[in-house]
2 protein chains.
Amino acid sequence: MEKNYSTQMEAAKMGIVTPEMKIVAKKEYRTEEEIRELVAQGKVTICANKNHKCLDPEGVGSMLRTKINVNLGVSRDCKDYDIEMKKVQAAVDMGAEAIMDLSSHGNTIPFRRKLTSECPAMIGTVPVYDSVIHYQRDLATLTAKDLIDVVRLHAEDGVDFVTLHCGITRHTIDQIKKHKRKMNIVSRGGSLIFAWMCMTGNENPFYEYYDEILDICREYDVTISLGDACRPGCLADASDVCQIEELVRLGELTKRAWAKDVQVMVEGPGHMPMDQIEANMKIQQSICMGAPFYVLGPLVTDIAPGYDHITSAIGGAIAAASGAAFLCYVTPAEHLALPNVDDVKQGIIASKIAAHAADIAKKIPHAMDRDNEMADARRTFRWDDQWAVSLDPETAKTIRDSRAPEHDDTCSMCGKFCAVRSMNKALEGEYIDIL
Amino acid sequence: MEKNYSTQMEAAKMGIVTPEMKIVAKKEYRTEEEIRELVAQGKVTICANKNHKCLDPEGVGSMLRTKINVNLGVSRDCKDYDIEMKKVQAAVDMGAEAIMDLSSHGNTIPFRRKLTSECPAMIGTVPVYDSVIHYQRDLATLTAKDLIDVVRLHAEDGVDFVTLHCGITRHTIDQIKKHKRKMNIVSRGGSLIFAWMCMTGNENPFYEYYDEILDICREYDVTISLGDACRPGCLADASDVCQIEELVRLGELTKRAWAKDVQVMVEGPGHMPMDQIEANMKIQQSICMGAPFYVLGPLVTDIAPGYDHITSAIGGAIAAASGAAFLCYVTPAEHLALPNVDDVKQGIIASKIAAHAADIAKKIPHAMDRDNEMADARRTFRWDDQWAVSLDPETAKTIRDSRAPEHDDTCSMCGKFCAVRSMNKALEGEYIDIL
């Protein structure tokens, strides 16, 4: 069947309910018309490149279930693609809705194409990373056209969303120098664009040629994830003028994308004290007119390297409960090393916990169903049913089995002091033996 | 020097600044007079039994640094006291301010006395657990006097705070039956009192003989931690009438304790959806007139057994930022097994992260100093200085070293794509080589 629309957003504006919208509506317990209307308004994106044929579509929006993204990809120091495919499998198995391939070494094409031909999750990339690799030329030698051509290549390859740091300009160079942040720019893509501007003397090509980029994205229905180059890299830099000024520009760029029916997500912080998170979410919602907010954290303290899956689970849960739609996972290896398979798993679980806790707080339909099943299974000591509704059944079962209790209606934590056991007996009028 | 006061609170009311208050004032960057006033008002407790001579005193209050507690102790299934002493050492090394000995097997006296004679952290217990063990008689055979005598024994042994479930009464039996909670009562001590009331037909002795208990606590300056028998054991039970009615009674009991100069903490939830946490903290503050709130979680979802250190770090951070003063750690083994030494460590780190993140949000003086040092060390690639201000230096260093990068001014995550490296070079006007 020939499509008579270019993007999900165009279809939505034309009143067409796409097959992807139908699937999203079903998953989210919403009517198809509700989803169509939200996509038309830009409040929900369905990142679905026309060339990603095996995609199981998902909607991203603050009123839907919070989605999570898993970053992976090789680096110069860790370049085994087989390990990366293991991470992909783990991510899909554990319910990640998106995977970003951030590879920065070697021949990146086969892995990217493998992802979009085999993986049902949304696939994202940051084309500027790949540009240096793709041309095998150093950054300063690349032209604006070179950089934009890589965006086109990724679009043709079926990438569903691309992070483009369109929101910084030459003015940002002075801003960063003047403002004397503690961490300057910690966005990898943002720093590359910043470095490119410094070395070439040119304007940010993703800003200067934004209309050309929109045409590419429109053609393949690639969602633009507007990168936040100036996201705070430490608590002290949070909510400063560099960050907020860029956000204002991202709001303008959102409007321009929507005028061409290109779907948009907006990326956000970063490192941030807990008490600033809700305000940041609200400001983004107003400045960017409800475009889905995709947050990288936020990490609520800087002093826990090795545990940044936890610092970001705290921040991510608060962010999502306050309006963020999409959480980028953070692994225990953040700030230290490329994550290994176990780090990826720990990062995914922590993000899933944050997303799920936020969905309950936001009263997303049916979000608490599994929690209620768990409570019933706990009260009645149905251990297998507890594992069945657990986020990670294997780990839970392994812990229990490693220190098995004497009595099966208890665990080794409390033994016969178990409150659940005592209460069940007490409420049945039975004698409660403790000793 | 003979003390002319019985408790820290009495001293404070008399205008006396105790040695303990001086130490707390220094640690908290407050004046001695401020601390004295807060102790007099009951808004800060300094849990300091007169017989705990090696105590390094800490203040617990919502306007002070958030403190954390580590539960340990043997059970019938896990009864090795050497392992428990390893947990004690780990807890003290990692900065836990309190340790609760929840032993429920064997001869509990030597371990408890070892704690109060050697351990500088505040020591807490739940005497009702110990009563069954102490007398080696089953629960139904114990008298009210038996139960109260164990409180006296713990007071004499130097325990700084005791959890007593004074807030449930015979009325609670009907309440729990009528209300049909999913998880009834999950407080171990609460369920024992409930079971005892059901089997004996008597009133809760900790409620009926509360004045006698206050006299014991006054004599040794034992802080009463008013147990929350009806804390929700699943999200569905959160903020229900059972929980709130008990809280109201705990407020009344707080007032009665203060009238006898006995220090009080109030225990709280529990399992709770994120969006209910702040309201619960505010209600406790008003109902209990600012008495420090000691929360057990809150766990923000029920479906993550194996990861409840994370579900409770999210809830604990929000709770502490909203007014809770004291966080009880939760380990990955919660709901599954008695925690082993590594579980204890994971639980402590997660709680410390939650407490620290909340302190920053609450703008506790100097709370963000280490975060700022970390940011400076990160910008300048001073790895050893990063470890020095980390919550767990060894883990952070191990992760980095396990996947060492080719270039020392990078890590294996990004290699020469490192944003910090690129920005440092760009701001110095240097050429940025990426390839």
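Computed from a prediction, not measured in an experiment: that's the story for all the values here. Chains are numbered independently. Their residues run from 1 in the order of the written sequence. Each chain is given a letter, starting from A, and each ligand a number, starting from 1, according to the order in which they appear as written. Note on the predicted model: pLDDT of at least 70 is required for a residue's local features to be given, and 80 or more for side-chain atom pairs to be given and counted; whole-chain, interface and lining totals, by contrast, use all residues. Heavy atoms from the whole structure form the basis of all side-chain values; hydrogens and water molecules are not counted.

Visitor: For this particular structure, what's the right way to read the overall build of chain A?
Guide: A run of H or I in DSSP becomes a helix once it reaches four residues, and a run of E becomes a strand once it reaches two; helices and strands are each numbered from the N terminus. On a plain count of helices and strands, chain A comes out with 19 helices and 8 strands. The C-alpha atoms of chain A give 23 Å as radius of gyration, which agrees with the globular expectation for 435 residues (22 Å, within 12%). For chain A, the spread of C-alpha atoms along the principal axes amounts to about 80 × 50 × 40 Å. The buried share of chain A, reckoned over its 435 residues, is 65%. When charges are counted, neither His nor the chain ends are considered; positive counts come from Lys and Arg and negative counts from Asp and Glu. To locate a charge, take atom NZ for lysine, CZ for arginine, CG for aspartate or CD for glutamate. When the 50 basic and 64 acidic side-chain charges of chain A are each reduced to a single mean position, those positions are 1 Å apart. Based on C-alpha atoms, the radius of gyration is set beside the globule rule, defined as 2.2 Å times the residue count to the power 0.38. Each residue is assigned to one of three classes by its accessible area relative to the maximum for its type, calculated with a 1.4 Å probe on protein chains only: buried under 20%, partly exposed between the two thresholds, exposed over 50%.

Visitor: Explanation requested: the relation of the copies chain A and chain B in the structure shown.
Guide: Taken together, a rotation about one axis and a shift along it account for how the two chain copies relate. Our superposition of the copies is a least-squares fit, built on the C-alpha atoms of residues whose pLDDT is at least 70 in both. Rotating chain A by 180° about the axis while translating it 0.0 Å along that axis superimposes it on chain B, leaving an RMSD of 0.0 Å. Both chain copies can therefore be described as sitting about a two-fold axis. Every residue of chain A has its C-alpha some distance from the rotation axis, and the shortest such distance is that of Ile314(A), at 2.3 Å. For this analysis, residues touch if any pair of their heavy atoms sits within 4.5 Å. The residues that chain A uses at the interface reappear at the interface of chain B in 100% of cases, marking a shared surface.

Visitor: Explain the packing of aromatic side chains here, please?
Guide: Think of a pair of aromatic rings as described by two things: how far the centres are apart, and how the planes are tilted against each other in angle. Here a Phe, Tyr or Trp ring, Trp counted by its six-membered ring, pairs with any other such ring whose centre lies within 6.5 Å, and the pair is stacked when the planes are under 30 degrees apart, edge-to-face when over 60, and tilted otherwise. Across all of its chains, the model carries 12 aromatic pairs over all chains by this definition. Centre to centre, the rings of Tyr294(A) and Phe326(A) are 4.2 Å apart; their planes meet at 25°, and the pair counts as stacked. In this pair, Tyr294(A) sits in strand β7 (residues 293-295) while Phe326(A) sits in strand β8 (residues 326-328), placing the two residues 32 residues apart along the sequence. Taking NZ or CZ as reference, Arg400(B) lies 3.6 Å from the ring centre of Trp383(B), over its face. A ring is considered to have a charge above it if a Lys NZ or an Arg CZ atom is located within 6 Å of its centre and within 35 degrees of its normal.

Visitor: Sorry, what's going on with helix α15 (residues 341-361) of chain B here?
Guide: Helical periodicity: at 3.6 residues per turn, an α-helix aligns residues three or four positions apart in one direction. Residue and element names in this part refer to chain B. Under the 1.5 Å per step criterion, the end-to-end length of α15 is 30 Å for 21 residues, consistent within 8% with the ideal 30 Å. In terms of burial, α15 is largely enclosed, as 18 of its 21 residues are buried. Here a polar contact is recorded for every N or O atom pair within 3.5 Å, except that within protein the pair must consist of a potential hydrogen donor and a potential acceptor, and residues adjacent in sequence are included only if both atoms are side-chain atoms. A side-chain oxygen of the first residue of α15 lies 3.1 Å from the backbone nitrogen of Asp342; this N-cap is Asn340. Each residue after the first adds 1.5 Å to the expected span of a helix.

Visitor: Is there a simple way to think about the interface of chain A and chain B in this case?
Guide: Bring the parts together and some accessible area is lost; that lost area is often taken as the interface size. At the junction of the two partners, chain A supplies 115 residues and chain B supplies 115 residues. A 1.4 Å probe defines the accessible area here, and the buried area is the portion of it lost by two parts on being joined, summed over both. Both faces combined, the contact of chain A with chain B buries some 9700 Å², and carbon together with sulfur accounts for 69% of it. Salt bridges are defined by distance alone: a side-chain nitrogen of Lys or Arg within 4 Å of a carboxyl oxygen of Asp or Glu. Here chain A is connected to chain B by 6 salt bridges. With a shortest N-O distance of 3.0 Å, Asp275(A) and Lys363(B) are connected by a salt bridge. When residues are sorted by character, Ala, Val, Leu, Ile, Met, Phe, Trp, Tyr, Cys and Pro go into the nonpolar class, Asp, Glu, Lys and Arg into the charged class, and all the rest, Gly among them, into the polar class. For the side of chain A that touches chain B, the class distribution of residues is 69 nonpolar, 22 polar and 24 charged.

Visitor: Just to check I follow, could you spell out the sheet that holds strand β3 (residues 122-125) of chain B for this structure?
Guide: Think of a sheet as strands paired side by side through backbone hydrogen bonds, with each pair either parallel or antiparallel. Residue and element names in this part refer to chain B. Strand pairing is assigned whenever DSSP detects at least two bridges linking the two strands. On the basis of which strands lie adjacent, the closed barrel formed by 8 strands has the order β1-β2-β3-β4-β5-β6-β7-β8 and parallel pairing. Strand after strand, the sheet turns through a mean of 25° between neighbouring axes, direction not considered. Relative to strand β7 (residues 293-295), strand β6 (residues 264-268) runs parallel, the two sharing 3 bridges. Bridging from a neighbouring strand, Val266 pairs with Phe293 of β7. Contacting β1 (67-72) and β2 (98-101), helix α4 (residues 81-93) crosses the sheet at an angle of about 170° to β1. Axis geometry follows a simple rule: fit a line to the C-alpha atoms, using only the stretch in contact for helices, then measure angles between N-to-C directions, giving values from 0 to 180 degrees.

Visitor: Whenever I open this one, unusual backbone geometry confuses me. Can you help?
Guide: What you tend to see is this: most non-glycine residues have negative phi, and most peptide bonds are trans. With omega at 15°, the peptide bond leading from Pro269(B) into Gly270(B) counts as cis. For Gly270(B), the location among the structural elements is in the loop between β6 and α13 (274-287). Cis rather than trans, the peptide bond between Gly297(B) and Pro298(B) has omega equal to -15°. With respect to the secondary-structure elements, Pro298(B) resides in the loop between β7 and α14 (308-321). Despite not being glycine, Asp261(A) shows a phi value in the positive range, around 65°. Turning to its location among the elements, Asp261(A) is positioned in the loop between α12 (241-259) and β6 (264-268). When its relative accessible area of 11% is taken as the criterion, Asp261(A) is described as buried.

Visitor: Could you clarify how one ought to interpret a nonpolar patch on the surface in this entry?
Guide: Residues and elements named next belong to chain A. Patch building starts from residues that exceed 30% relative accessible area and form no salt bridge, then joins like charges within 9 Å and nonpolar side chains (Val, Leu, Ile, Met, Phe, Trp, Tyr) within 5 Å. Per-residue accessibility takes into account occlusion by the displayed protein chains alone, with areas from the Shrake-Rupley method and a 1.4 Å probe. Judged by side-chain polarity, Val248, Ile283 and Ile287 come together as a nonpolar surface patch covering roughly 200 Å² of accessible area. Here Ile283 lies in helix α13 (residues 277-287). Relative accessible area serves as the criterion here: at 38%, Ile283 is assigned to the partly exposed category.

Visitor: Just to check I follow, could you spell out the pattern of salt bridges for this structure?
Guide: Note on pairing: side chains with opposite charge can pair once their charged atoms come close. According to the stated counting rule, one finds 72 salt bridges over all chains in the structure shown. Residue Glu58(A) is joined to Lys27(A) by a salt bridge in which the shortest nitrogen-to-oxygen separation is 3.0 Å. With a gap of 31 residues between them, Glu58(A) in the loop between α3 (32-41) and β1 (67-72) and Lys27(A) in helix α2 (residues 19-27) connect regions that are remote in the sequence. Taking relative accessible area as the criterion, Lys27(A) reaches 24% and is therefore assigned partly exposed. Between Asp130(B) and Arg112(B) there is a salt bridge, with the nearest N and O atoms lying 3.0 Å from each other.

Visitor: Sorry, what's going on with the environment of Asp240(B) here?
Guide: Residues and elements named next belong to chain B. As for its position among the elements, Asp240 is in the loop between β5 (223-226) and α12 (241-259). Residue classification places Asp240 among the buried residues on the basis of a relative accessible area of 9%. Distance from Asp240 to His179, taken between C-alpha atoms, is 9.0 Å for residues 61 residues apart in sequence. Every residue in contact with Asp240, bar those within four places of it in the chain, is listed here: His179 and Arg181.

Visitor: Can you help me understand the sheet that holds β7(A) in this one?
Guide: Residues and elements named next belong to chain A. The strand order around the closed barrel formed by 8 strands is β1-β2-β3-β4-β5-β6-β7-β8, and the pairing between neighbours is parallel. For this sheet, the mean angle separating the axes of adjacent strands, direction not counted, is 25°. Summarising the sheet, strand β3 (residues 122-125) and strand β4 (residues 161-164) pair through 2 bridges and their orientation is parallel. Its bridge partner being in β4, Gly124 is matched across the sheet by Phe161. Packed on one face of the sheet, helix α11 (residues 210-220) meets β4 and β5 (223-226) and runs near 140° to β5.

Visitor: What is the right way to read the confidence of the model for chain A from this model?
Guide: Keep in mind that low pLDDT regions are not for reading the predicted coordinates in detail. With 100% of its residues at a pLDDT of at least 70, chain A reaches an overall mean of 95. Two summary scores accompany this predicted model of the complex, namely pTM at 0.97 and ipTM at 0.97. Per residue, pLDDT measures the predictor's confidence, with a range of 0 to 100.

Visitor: Sorry if this is basic, but what is going on with the domain arrangement of chain A here?
Guide: Residue and element names in this part refer to chain A. For the purposes of this description, domain bounds are those given by an automatic or database domain assignment. With domains assigned, chain A is organised as domain 1 (47-361) and domain 2 (369-427). When each unit is reduced to the centre of its C-alpha atoms, the spacing between domain 1 and domain 2 is 39 Å. Residue-level contacts link 6 residues of domain 1 with 4 residues of domain 2. For the pair domain 1 and domain 2, the summed buried surface comes to about 380 Å²; carbon and sulfur atoms form 66% of the total. Area buried by domain 1 at its contact with domain 2 is led by Lys345, Ile349 and His356, which between them contribute 67% of it. Linking domain 1 to domain 2 there are 1 salt bridge.

Visitor: What is the right way to look at the packing of α13(B) against α14(B) in this model?
Guide: Two numbers describe a pair of packed helices, the interaxial angle and the distance between the axes. Residues and elements named next belong to chain B. At a closest axis distance of 9 Å, the pairing of α13 and α14 adopts a crossing angle of 35°. As for the relative orientation of α13 and α14, their crossing is right-handed in sense. Along the contact surface, α13 presents Met274, Ile277 and Met281, while α14 presents Ile314, Gly315, Ile318 and Ala319. The residue inventory of the contact of α13 with α14, partitioned by class, reads 6 nonpolar, 1 polar and no charged. In this scheme the handedness of a crossing depends on how the near helix is turned from the far one: anticlockwise by less than a right angle means left-handed, clockwise means right-handed.

Visitor: Teacher, can you tell me more about helix α19 (residues 419-427) of chain A here?
Guide: Taken across its 9 residues, α19(A) has 7 buried, putting it largely inside the fold. The set of residues buried in α19(A) consists of Ala419(A), Val420(A), Arg421(A), Ser422(A), Met423(A), Lys425(A) and Ala426(A). Looking at the buried positions of α19(A), the neighbouring elements they touch are α16 (369-379) of chain A together with α8 (170-179) and α9 (188-200) of chain B. Taken from the residues just after α19(A), Gly429(A) is the one with a positive phi, measuring 75°.

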